[in-house]
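# Summary of structural features
One-letter residues, chain by chain:
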Amino acid sequence: ALITQTHAADRLANDPLSFVRRYDAPEDQEIAAVFASVLAFGRVAGFWPTVKSVLDQADSRGGPRAWIDGFDASDAEGLAPLVHRWTRGSDLALLAVSLQGLLGTHDSLGACVASGDDPRAPTIAPAIEHLVSTLRAHATDLPRGLRHSLPRPSGGSACKRWCMFFRWMVRRPDAGATGVDIGLWAIDPARLVVPLDTHVLRLAGFIGLTERTDGSWRTAVDVTRGLARL
């Protein structure tokens, strides 16, 4: 298989998952994964410095989970200068407040997901829907930048960055050198949906994985089924 011909370190070099790998504690990995995934759009050179700045600030406060637990106005001020396309520091601060609210009622993001997921569902749509809806419920405001970070399958979005986040959290690293994911959550990996963006959609059409042309949740599921047949 092609994947066995690549080395994990090489694959991680320009992958936002490398930010998650900075941490050993699951509670820190979950938070780092949220910010690394929601900011992972556009060119790598564009979002990389922003993710690094967010997590450097978190580390200065004792790590991502401690930072979220104690997040206050001074932390929001520290994020204010950051900008990645239409996502601004104020949006990231609102996301941090939403995470703080969620973690006030759940021990972890994984516990929140487990409380609202349907393991019998063919895909992770219920899991994404519940997690994102809970974050939206704890948001004090939903400006454009934050809405862009919190899409849901029910709205038709392919939820590319949340599908990527769930891949990191669900797929377990294998025993060899090729595994790169974290594998914290007990969800059947067969329910994962491919992170669909314009590039994946174009290639999926070229090789016959789907006949659909829209970048929707239904298309992401269709491409995933095409990959499953392979």
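For every chain, the first residue of the written sequence is number 1, and numbering continues from 1 onward in sequence order. Under the rules for a predicted model, residues below a pLDDT of 70 receive no local features and side-chain atom pairs below 80 are neither given nor counted, while totals for whole chains, interfaces and linings still include all residues. Remark: hydrogens and water are excluded; side-chain values derive from all non-hydrogen atoms of the structure.

## Some points on the overall build of the protein chain
Helix and strand assignments come from DSSP, with helices taken as H or I runs of at least 4 residues and strands as E runs of at least 2, each series counted from the N terminus. When helices and strands are counted, the protein chain shows 13 helices and 2 strands. Taking 230 residues into account, the globule formula puts the C-alpha radius of gyration at 17 Å, and the protein chain, at 17 Å, falls close to it. Reported as C-alpha extents along the three principal axes, the dimensions of the protein chain are approximately 50 × 35 × 35 Å. By the burial criterion, 49% of the 230 residues in the protein chain qualify as buried. Working definition of accessibility: Shrake-Rupley area with a 1.4 Å probe, residue cover restricted to the visible protein chains. Carbon and sulfur atoms make up 54% of the accessible area of the protein chain, which amounts to about 11000 Å² in all. Computed over 25 positive and 25 negative side-chain charges, the separation of the two mean positions in the protein chain equals 7 Å. Atoms counted for the radius of gyration: C-alpha only. Globule rule: 2.2 Å times the number of residues to the power 0.38. For every residue, the accessible area obtained with a 1.4 Å probe (protein chains only) is divided by the maximum for its type, and the residue is called buried under 20%, exposed over 50%, and partly exposed between those limits. In summary, the charge assignment counts Lys and Arg as positive and Asp and Glu as negative, without counting His or the chain termini. We put the charge of a Lys on NZ, of an Arg on CZ, of an Asp on CG and of a Glu on CD.

## Describing the nonpolar core
If you look at the biggest cluster of nonpolar residues, it comprises 70 residues, and the most contacted ones within it are F35, W162, F165 and F166. Here, two residues are considered to be in contact whenever any of their heavy atoms come within 4.5 Å of each other. Those residues in contact with F166, other than ones at most four positions away along the chain, are V113, I124, A127, I128, L131, W185, I187 and L192. The criterion is simple. A nonpolar core is a set of buried Ala, Val, Leu, Ile, Met, Phe, Trp, Tyr and Cys residues joined through side-chain atoms within 4.5 Å.

## A word on the packing of aromatic side chains
When two rings of Phe, Tyr or Trp (its six-membered ring) have centres within 6.5 Å they constitute a pair, described as stacked for plane angles under 30 degrees, edge-to-face for angles over 60, and tilted for the intermediate range. A complete count under the given rule lists 9 aromatic pairs for this structure. Aromatic pair F41 and W86: ring centres 5.4 Å apart, planes at 20 degrees, arrangement stacked. Note that F41 is positioned in the loop between α3 (26-38) and α4 (44-60) and W86 in the loop between β1 (83-84) and β2 (87-88), a separation of 45 residues in sequence. Taking relative accessible area as the criterion, F41 reaches 10% and is therefore assigned buried.

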